[in-house]
Structure formats: C-alpha cells, structure tokens
Amino acid sequence: MHSRLLMLFWRKKLLLLATSLLFLVALWFWGFLYTTHVTDGGKIVSVRELMMGGTGGAGGAAAHHESLLQRLGFYDDASSDDGQGASGAGGVKFVRPTGSSVNRIRAKFFNDWESILQDRDEKPRQEPVKRKSAEELRIAAEKQNHYEHELKKMGVPVIAGIGPGGHPPPLQRLVHLDLKGAPPKVSYLKRLMPIMKTLGATGILLEYEDMFPYSGSLSPIAAKNAYSKDEILEVLQTAFKLGLNIIPLVQTFGHLEFVLKLQEFQHLREVEDAPQALCPSQNSSTVFLEEMLDQVIEFHTPLQNKNLLHKEDIEKLTPKLTHIHIGCDEVYQIAQCSRCRNRQKDLLFLDHIYNVATMIRKKWPHLKIIIWDDMLRHMSLETLQTSGVGKLVEPMIWVYAEDIYKFIQSTTWDKYANVFNTAWAASAFKGAHGEALLLPPIRRHLENTLRWLAVMQGEGTRFSQGLQGLALTGWQRYDHFAILCELLPSALPSLAVCLSTASRGYFDVNPKTNPVLSSLTCPEPTSDRHAWVELHKDSALSMFSRCMFPGSVIYRFMLRLMTLMTEAKEYIDEVKNRRGWLTEYNIRHNFSSGTRVDDLLGEDYHLLNSITNLARNAASTLADVYDHWTSGEFIEQRIYPILAELKNLERIGEALKKRKVWPQRPLPYLKPFDALGIDEKT
C-alpha cells in the first residue's frame, strides 16, 4: 500500500515537471518571437512592431504595414478607425474565429505572410537595379556629350533630340534612283543594292522617265539607250531577293518633258512652246496616262509578270507592289491653255490628282499613291479637304535645305495632318545644291538628313497614322533638258553617310561602329579624329578616296578632275584678267609682248597636257558603270569646255607671238563702239 502511494506521487511529480518544462519552453519561444527582428523594406523591424502596427515617428519602422494580427484577421478593422490607429492606447481587440472562417483566416495568414517574405526578399534586390539605371544614365550622358563634341568638330550642328539615346529611326528608308540622267549599267545596280540594304535601306524609289522600255503607242518615249525588259527584270529580282520594296515613280502632270518634247505628243502640252506640263483638260491626256501607268505597274507586279521571280521565290518572298509615286511636282504651266484658263489653278490641279488617283484605285485597289507636296503648300485647308484627295494620296514632303521649317512652317504641318492620315518626308544625297557639281557636299546633305529626323519626330505625332518614312533623293538632272548632276558613283559616300544616319536615327561618330566605312570597303582609320575629316565644310581632304566601293575609280577620277578644273579656271582668270599681256584687249588688237606671252603660256601647256590625258582616260574610267552615250555626254559637258578654252588660249598666244612690228599709239577704237555713239572723232 505504501509503495503504491509512492509510485503515484512519483508519477504526478514527473507529470508536473514535464508540464513546468513545457511552460518554460513556451515562454522562451514567445519571447524569441516577440524580440526577433525581420527585414522589411530594407529596415530592421521587430515582430512586436509588425503586430502593433509600429511606433514612433511617421508611424514607426513598419508604419506602412498593417498590424500583423490585423492583417491575419484576429481583430476588427474597426479598431483602427477610432482615431488612435493600431498602436493607439485602445490596444488590440481580439476576435475569436468562428468555424466558418477558420479556413479563410488560415489562407489569409499564409498569403499575407508570404507577401511579407516576398517584400523582404525582393525590395533589397531593387537597390542594385536603381544603381544600374543611374549608371546607364551616366553612360548615356557621356555618349551624348561625345557625340555632340564630334559633330561640332565636323561643323555639323547639334540638334536637340538627335543622338545615341534619341528616338527610333523612320520605319521606311527609301533610296531614290533617278535613272533618266545617266542610266547605270544593270551590273552596277546589282552590286549597289546589297550595300544599300546593309546600310539600312528598306526600299527603292525608282524613277525611269525615258529609260523604261515602253511599247506600242508609247514606244517613241523610250530613249535609244533605255533598259530592256530583261535588264529591268534583273534589277527587280535582285531587289526582291534582298527584301527591298520597289516603288516606281511615274510623272503624271509636270516634268513630262521626255514625253511632250516629241512630235507625237506635242498636242498634249498645256503651253504650246513649253513641253513641261500636261494639259489636264484633254481626254487624250487621260488615255495617255492610263496607258503609261498600266505598262509600268503591270511590269512591276509579280502576279502579272511571271518572269519577276521563280515559283520557289514567289512562295518564299511573295513580293507585292505596295505603292506608286505619281510625281506632280513643280507644275509651272497650269491653267494657261484655252481649255483650262477659265478654271482656278488650285482646283484644276486637285481635280487632276483626284482623277488620276481614282483611275489607279479602280484598277489596282491595293496600291497606295504618293505625290510630291510642293504644289499643295500654299493651298487652304478648306480647299484641300473639299477636293477629297486626302483619302486617295499620301504627300511626300520634300526639302533639301538645312532649314526645313523655312519652307514647311508649323501651320502647313497642321494643315496636312487635318487632310491626310499619313505622309512621307524626303531629303537628298545628291543633285540638290547645284546643277553642275561633280561631288555632292556631304556635310550639307548630312545636316539635311539630321534636320529631317528631328522634324519627323516632332511632327509625326500630328498624323493619325504617323509618318511612313524618309526618302533620300538623288537627282541626276534638274529636269530633262539640264546637264548631268553628280554621277551616282561620285555620290555613293554621301548616300552611305545619309542612309546610315536615317537608319540609326542619328549619325554615329564612331567609325568602328558606323557601317559606312565597312560597307564602302574603306581602310580602318588611324584615329577617330581623321575618320570624318572630309565632312567638315572647310576640308579639302577625302578619306573616301582610299575606299574600294563599286565605282570608287570614278570617285577618284572626279577628285582629280575637280583639282585640274580649279587650276585651269584660276590660270585662265589670272592671265586674262589679272595679268597685262593676254587680256581681251591684247587679243582684239593683236598687241602684246611675245616674250611675256611665252612666259604666261608655260602653265597653259602643262594644264592642257594633263586635262587631255584625263579626257582620254574618262571613257575607260566611266565604262564600268555607264554606256558610251553617257560617257560621251559627261566628257562633252565637263571636260571639253576647259580643254577648248586652254587650246584657244594657246592658239591666241601663238598668234600674238608671231607679230614682230606694232603700230604707234593710240590704238584705234573698236568698230562696235559706233553702236554706242562713240567714234574716233569724239
């Protein structure tokens, strides 16, 4: 009996001891939880503060958290609405969870606790991200500063918003190939197109004029050296395979000299003595335009022209003619013939555009129609809206000068945006700064491109569909009757600089990352300082003379020709105007010193020999790119006049040297003085 009581007491003692130990462990664990700190948003916050909602300034270290117990659902939200907050004197109002809310509270507990842990894990990681962003901003600022510094050294102005961190480039970048002036051989065009693609071109604006092989009633329009259909097929196939979109340009109003100069089409002129503009009031004009457009468009449509691509190419590329450019710029003769003179000029112009565009849409409804914008600039908003052309055509706004807003003011942009859903822009890489240039001024064309990029960024948002893109024009003649501008190979460096700039949205001043030098097969520059020296407006140097791009031999030929022409013109001006023995007066009276003339002619012989050799080499130099007709025209226009003047000076000098006896002074008056009322007796 006694032993049983001891056994029972011992068991109760052990139970009491175990209960006491459990109680002590519970107290220790609660103290641990109550004082343990967790990281919350980068700050050390105690569980107590989390439970009570935080204390101290601005709500305590965890003031942005709710009380942990409140977030877990253990007391009413109303307890924090009494003006005292979760940490106020009112304390915590506990609520007993009901059976129906246990699962909800348990889910809320785990979700909220997971959120706290996620905040704890993610927020510290945001600091390196912020530091990285600041570092990126610093690097971007340094790049922009370097970019602007290099531009200033080139003499190119810094334009706000244009730089390495600026806006994206235009979506479409077209290269305008003007074939009417000097048609390059197809083999050369096929070598050129991959370079254009590499530099960022997306399409080609192809202007044939009289180089298209028109047939039937239009066959007289084609020039004697026009391309054959097979040659054009080669060009189109190459472009399609490179993914370059082809947009034919067919003049339909002005600049139709290549048609209206001919006797067969003389009756279509607006002004009898000026074969520049078509009369829009004649039915025969509409018939002619429809036939011309039909021949060009059908030839450029793969579904119609089965020879454009092989079957497998069509299946892979499925090229499609998307646009047609119908010209309509510089229509100087309008509303002057007997049929048109009673109509208002602007309405006559717009009606013609409407009729041509409607004709195209009916036959080729998928085609989008582009026109030059210059004839629209002065027209009122009401006139343009009433005409209905806004739904039919897209204007291509062209300015080749540096100050674009001088020609297209903000009000004009606003007017266009209220008429047209979209528009295009057009800069130039050659044929814009002088009818008789041999090489284009690269710096001016670069600035024009940069200015356009800035204008497109600012004005593109006015249009509901934005601006479609930028066309880089390269005119070969100012019109059909003008002499040749800069030849295409001579302008390839200018095209590369402008196209690369348009494709990047800024001019990359780093020659190692700018694709211009690599695409033109140029030697690696010794330093960044010399890479773009020829872009400076005062520089006579050219790094491109050492490049090996297609036609680079012609480029170097032009540099040599320019040097000799400058020397020859300076020499002729020196001996005829600034020296005293070979002037027009000496020549008219055959009165000069033979020894002096002989001294002056020494330089003439040297220049005459140099230019004669250059003329002999011209044909073979140009033969890689042009036919003999174009080579002959170039030589006659650019080399022969200087050659003839030097030969004439040599002939005159030799005649002056032959005279051994001279008359007494004063020398007799010139006979034409009689017409001025001056005679020897006056």
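If you're wondering where the values come from, they're calculated on a predicted model, not measured in any experiment.

What counts and what doesn't
- Residues numbered from 1 in each chain as written.
- Predicted model: local features only at pLDDT ≥ 70, side-chain atom pairs only at ≥ 80, totals over all residues.
- Heavy atoms only, no water.
- Bend = angle between axes of the 7 residues up to and from the residue.
- Helix = DSSP H or I, 4+ residues; strand = E, 2+ residues; numbered from the N terminus.
- Polar contact = N/O pair within 3.5 Å; in protein donor to acceptor, adjacent residues only side chain to side chain.
- Buried < 20%, exposed > 50% of the residue type's maximum accessible area, 1.4 Å probe, protein only.
- Pairing = 2+ DSSP bridges.
- 1 Å grid on protein atoms, 1.4 Å probe; cavity = no way out; pocket = protein on both sides within 12 Å on 5 of 7 lines; lining within 4 Å.
- Points joined across faces, edges and corners; volume = space filled by probe spheres on them.
- Nonpolar A, V, L, I, M, F, W, Y, C, P; charged D, E, K, R; others polar.
- Salt bridge = Lys/Arg side-chain N within 4 Å of Asp/Glu carboxyl O.
- Expected span 1.5 Å × (residues − 1).

A. Representation of helix 20 (residues 628-658) within the structure. At Ile 639, helix 20 is deflected by roughly 45°, the largest bend along its length, and proline Pro 641 occurs up to four residues later in sequence. Two or three places before Trp 629, at the start of helix 20, stands the capping residue Asp 627, its side-chain oxygen 3.2 Å from that residue's backbone nitrogen.

B. The pairing of strand 9 (residues 368-372), seen in detail. With respect to burial, strand 9 is a largely interior element, 4 of its 5 residues being buried. In the sheet, strand 8 (residues 323-325) pairs with strand 9 via 3 bridges, with the strands oriented parallel. Each bridged residue has a counterpart across the sheet, and for His 323 the counterpart in strand 9 is Lys 368. Of the strand pairs in this sheet, strand 9 and strand 10 (residues 393-398) are connected by 4 bridges, and their pairing is parallel. Each bridged residue has a counterpart across the sheet, and for Ile 371 the counterpart in strand 10 is Pro 395.

C. Layout of the layout of surface pockets. A volume near 480 Å³ is recorded for the second largest pocket. Lining the second largest pocket we find 24 residues, and of these Glu 330, Trp 398, Tyr 400, Trp 475 and Tyr 478 sit closest to its centre. The class makeup of the residues in the lining of the second largest pocket is 10 nonpolar, 5 polar and 9 charged.

D. Representation of the pattern of salt bridges within the structure. Taken as a whole and assessed by the stated rule, the structure comprises 21 salt bridges. Put simply, Asp 373 and Arg 377 hold a salt bridge, and the shortest N to O gap is 2.8 Å. Like Arg 377, Asp 373 is buried.

E. Just empty space enclosed by the protein, in detail. Enumeration according to the criterion identifies 5 cavities of 30 Å³ or more in this entry. Quantified by volume, the largest cavity comes out at close to 60 Å³. Lining the largest cavity are His 176, Leu 177, Asp 178, Leu 179, Ala 182, Pro 184, Lys 430, Gly 474, Gln 476 and Leu 488. For the lining of the largest cavity, the element with the most residues is strand 3 (residues 172-178), which contributes 3 residues. Classifying every residue of the lining of the largest cavity by side-chain character gives 5 nonpolar, 3 polar and 2 charged. Here the second largest cavity defines a volume of roughly 50 Å³. Forming the walls of the second largest cavity are Leu 179, Leu 189, Leu 206, Tyr 208, Tyr 227, Ile 232 and Val 235. Class assignment of the residues belonging to the lining of the second largest cavity gives a composition of 7 nonpolar, no polar and no charged.

F. Seen up close, helix 14 (residues 488-504). Taking 1.5 Å per residue, 17 residues should reach 24 Å; helix 14 reaches 23 Å between its end C-alpha atoms and fits that length. Of all bends in helix 14, the biggest is about 35°, found at Ser 494. Summarising burial for helix 14: 16 of the 17 residues are buried, a large majority. Immediately downstream of helix 14, the backbone of Gly 505 shows phi near 90°, a positive value.

G. Summary view of unusual backbone geometry. A cis amide bond links Arg 665 with the next residue in sequence, Pro 666, at an omega value of -5°. Mapping Pro 666 onto the fold places it in the segment after helix 20. A positive phi angle is found at Cys 328, which is not glycine, with a value near 75°. Counting through the fold element by element, Cys 328 comes out in the loop between strand 8 and helix 10 (345-363). Phi is positive for Glu 330, close to 50°, though the residue is something other than glycine. Following the sequence through the fold, Glu 330 ends up in the loop between strand 8 and helix 10.

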